Amino acid sequence: MNNSNIFGPRAGSPRSSVVMNLIILTVIVFVAQIALPEGVGGERMIDLFGLHFWKSTEFHLWQPLTYLFLHGGFDHLFFNMFALWMFGRVLEYDMGSGRFLAYYLICGVGAGLCNLAVNWVEYNHFLGLGYAETMPAQLQAWADNIVTIGASGAVFGVLLAFGMFHPNDRIMLLIPPIPMKAKWFVVAYGVLELFLGVTQKGSNIAHFAHVGGMLFGFILLRIWKRTGKIYY
């Protein structure tokens, strides 16, 4: 997808320092994941900084933030950073650099918390089936194997904000190649992610984290608008 209104900087707009620094930091972390030797990079970084379920022996309090900067492959990294660059530059100009950074991080942390809540629901379902008594080792192994990485939840928050700040800007989709107003694109994407989250529970994609990023973004934007900190 692309948008002719945001591929070039607006007249008089400052450089998007926060967006570029977030992209650079995320790329550096990804390079470290693949370049550092075994036991330091790769799986070890995911063990330490990926978001684990809190019943896991690998869970740490910093993970709801640090998981944002890890990615599972080049395509995962590219599409997240491309969307951040495409939409984030405009939003950094709209919100200001400091507020945009706070928005991005809060959406990302909120997405992680929503994903943990879904893990908790699933865990309690297994408890209700008696797995804690009949298969305790398997239940713990399930908890230990759940890990979430990637900036997608924060990026979905960015998409939502773009749709709220610029509802009538047209986005050209790639598949199908048709223009769509940003507000309808955000609604359609949100509904799709919610549907996939409900129907594809075994998927490796954290659909509820995506929805969570949008939810936290919506709440935060409404609070800021009500208190007069932003206008859209």
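Refer to the structure printed above.
Residues numbered from 1 in each chain as written. Predicted model: local features only at pLDDT ≥ 70, side-chain atom pairs only at ≥ 80, totals over all residues. Heavy atoms only, no water.

Draft legend 1. Local environment of the nonpolar core. Of all hydrophobic cores here, the largest spans 57 residues; its most connected members are Leu-84, Phe-87, Met-95, Phe-100, Tyr-103, Tyr-104 and Leu-221. When contributions to this core are tallied by element, the ones reaching two or more residues are helix H1 (17-35), helix H4 (74-95), helix H5 (97-128), helix H7 (136-145), helix H8 (152-165), helix H9 (182-199) and helix H10 (207-226). For this core, the element with the highest residue contribution is H8, accounting for 10 residues. Apart from residues no more than four positions distant in its own chain, Tyr-104 is found in contact with Leu-22, Met-81, Leu-84, Ala-151, Ala-154 and Val-158. (Core = buried A, V, L, I, M, F, W, Y, C linked by side-chain atoms within 4.5 Å. Buried < 20%, exposed > 50% of the residue type's maximum accessible area, 1.4 Å probe, protein only. Helix = DSSP H or I, 4+ residues; strand = E, 2+ residues; numbered from the N terminus. Contact = heavy atoms within 4.5 Å.)

Draft legend 2. Expanded view of the packing of H5 against H8. As a packed pair, H5 and H8 sit with axes 7 Å apart at the nearest point and diverge in direction by 125°. In terms of axis orientation, H5 runs oblique to H8. Seen along the crossing, H5 lies across H8 with a hand that is right-handed. Contacts between H5 and H8 involve Phe-100, Tyr-103, Tyr-104, Cys-107, Gly-108 and Ala-111 from the first element and Gly-153, Ala-154, Gly-157, Val-158, Leu-160 and Ala-161 from the second. Broken down by class, the residue content of the contact of H5 with H8 amounts to 9 nonpolar, 3 polar and no charged. (Axes fitted to C-alpha atoms, helices over the stretch in contact; angles between N-to-C directions. Parallel < 35°, antiparallel > 145°, perpendicular 65-115°, else oblique. Left-handed = near helix turned anticlockwise from the far one by under 90°. Nonpolar A, V, L, I, M, F, W, Y, C, P; charged D, E, K, R; others polar.)

Draft legend 3. Region of the structure containing the packing of H1 against H5. Between H1 and H5, the shortest axis-to-axis distance is 9 Å and the interhelical angle comes to 40°. Between H1 and H5, the angle falls in the class oblique. Listed contacts from H5 to Ser-17, Val-18, Val-19 and Leu-22 of H1 are Ser-97, Phe-100, Leu-101 and Tyr-104. By residue class, the composition of the contact of H1 with H5 is 6 nonpolar, 2 polar and no charged.

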